[in-house]
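# Analysis of the macromolecular model
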Amino acid sequence: MSLQKDWCYKELMANEASANHRPMEDEYSFYHAVKTGDIKFVKKNLEERAFSNLDDMGILSMNPLTNMKYHFVITVAMITRHCVEGGLELEQSYRLSDFYILKMDSCDSVEEITKLHDIMVLDYTEKMQQFKKNAILSKPITLCIDYIYNHLHDRITVKDLALYTDLSESYLSRLFKKELNISISDYIREKKIETAQNLLMYSNYSFIDISNYLAFSSQSHFIQTFVKQVGTTPKKYRDQYYRTSW
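In this text, all values refer to a predicted model and were calculated from it rather than measured experimentally.

## Things to note about the layout of surface pockets
Take a probe with the size of a water molecule and roll it over the atoms, and the empty space left behind shows itself. There is about 1800 Å³ of room inside the largest pocket. Along its surface, the largest pocket is lined by 46 residues, and Gln92, Lys127, Tyr149, Thr195 and Asn198 are the ones closest to its centre. At the level of elements, helix H5 (90-105), helix H6 (110-134), helix H7 (139-150), helix H10 (184-202) and helix H11 (207-213) are the ones that each hand at least two residues to the lining of the largest pocket. Ranked by residues supplied to the lining of the largest pocket, first place goes to H10 with 10 residues. For the lining of the largest pocket, the per-class residue count stands at 22 nonpolar, 13 polar and 11 charged.

This is the structure:
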């Protein structure tokens with residue numbers, strides 16, 4: 001081992017020895033809260049323990065930014081594993097993981113990574129909370145939700161869902177409204193616009209690209225629907241939120 005490498009190794013060991021790692025029971029409580037969709041606990045935990053607090057972390061790199069990035073990837077991996085164990089659909093969980101790791105990779109400050117970390121944690125927690133609520137839904141409605149999620153880039157009709165669940169259109173519409181308190185068409189629009197919000201915040205796609213990707217009949221229809229649900233235009237939304245949250 002060279003003199004320089006020997007010095008770096010000793011420095012790393014010294015930092016590791018002096019670090020106060022987060023107690024195992026605290027980590028378990030945190031991941032369990034995310035897994036069970038406990039929004040209140042997770043928010044309190046994020047307020048009390050900033051992700052950038054190096055006293056809670058091991059030293060994986062002597063570069064503070066690189067060290068944060070390594071810990072971010074570890075946290076995403078752990079949360080993904082716990083959420084899958086909690087019942088979150090595997091593909092959805094890995095899509096989220098890939099999405100946030102790619103966003104983290106473009107961060108160039110500890111502050112940006114810390115903000116993105118909190119957004120990521122709350123996103124997973126909210127999805128687990130919704131999953132727990134959906135767990136009490138009937139099988140046909142659960143199938144509808146899965147179908148809608150996987151076909152947001154297509155034009156989805158009640159007829160498509162009726163064929164997929166092997167139910168009549170009228171019965172499925174009544175059942176959907178009864179269990180979710182929202183019509184099928186409104187639910188589809190809601191999910192498409194939620195996806196559009198994420199694309200406006202975290203991508204450079206044009207409005208027409210987003211409109212086409214989400215299978216709106218036209219860009220004007222997309223804008224009208226967006227304004228109706230969000231209360232502002234896609235342009236104003238992007239101007240206000242593009243990357244500001246991370």
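Having seen the model, we can carry on.
## A word on unusual backbone geometry
At Asn181, a position not held by glycine, the phi torsion is positive, near 60°. Along the chain, Asn181 turns up in the loop between helix H9 (169-180) and H10. Assessed through its relative accessible area of 64%, Asn181 is described here as exposed. Phi angles above zero are rare outside glycine, and Ala215 is one such case at about 60°. Its location among the elements puts Ala215 in the loop between H11 and helix H12 (219-230).

## Some remarks on the packing of aromatic side chains
Per the counting criterion, the structure on display carries 8 aromatic pairs. Ring plane angle 80° and centroid distance 5.0 Å describe the contact between Phe99 and Tyr100, whose orientation is recorded as edge-to-face. Looking at Tyr100, the relative accessible area reads 3%, which means it is buried. Relative to Tyr164, the ring of Tyr147 has its centre 4.9 Å away and its plane inclined at 50°; by these criteria the two rings are tilted. Taken together, the positions of Tyr147 in helix H7 and Tyr164 in helix H8 (residues 158-165) put the pair 17 residues apart, joining distant regions of the chain. Overall, the relative accessible area of 16% leaves Tyr147 in the buried class. Three or more aromatic residues link up through ring pairs in this structure, and these residues are Phe216, Phe222, Phe226, Tyr237 and Tyr241.

What counts, and where the lines are drawn
Residues numbered from 1 in each chain as written. Predicted model: local features only at pLDDT ≥ 70, side-chain atom pairs only at ≥ 80, totals over all residues. Heavy atoms only, no water. 1 Å grid on protein atoms, 1.4 Å probe; cavity = no way out; pocket = protein on both sides within 12 Å on 5 of 7 lines; lining within 4 Å. Points joined across faces, edges and corners; volume = space filled by probe spheres on them. Helix = DSSP H or I, 4+ residues; strand = E, 2+ residues; numbered from the N terminus. Nonpolar A, V, L, I, M, F, W, Y, C, P; charged D, E, K, R; others polar. Buried < 20%, exposed > 50% of the residue type's maximum accessible area, 1.4 Å probe, protein only. Phe/Tyr/Trp six-rings, centres within 6.5 Å; stacked < 30°, edge-to-face > 60°.

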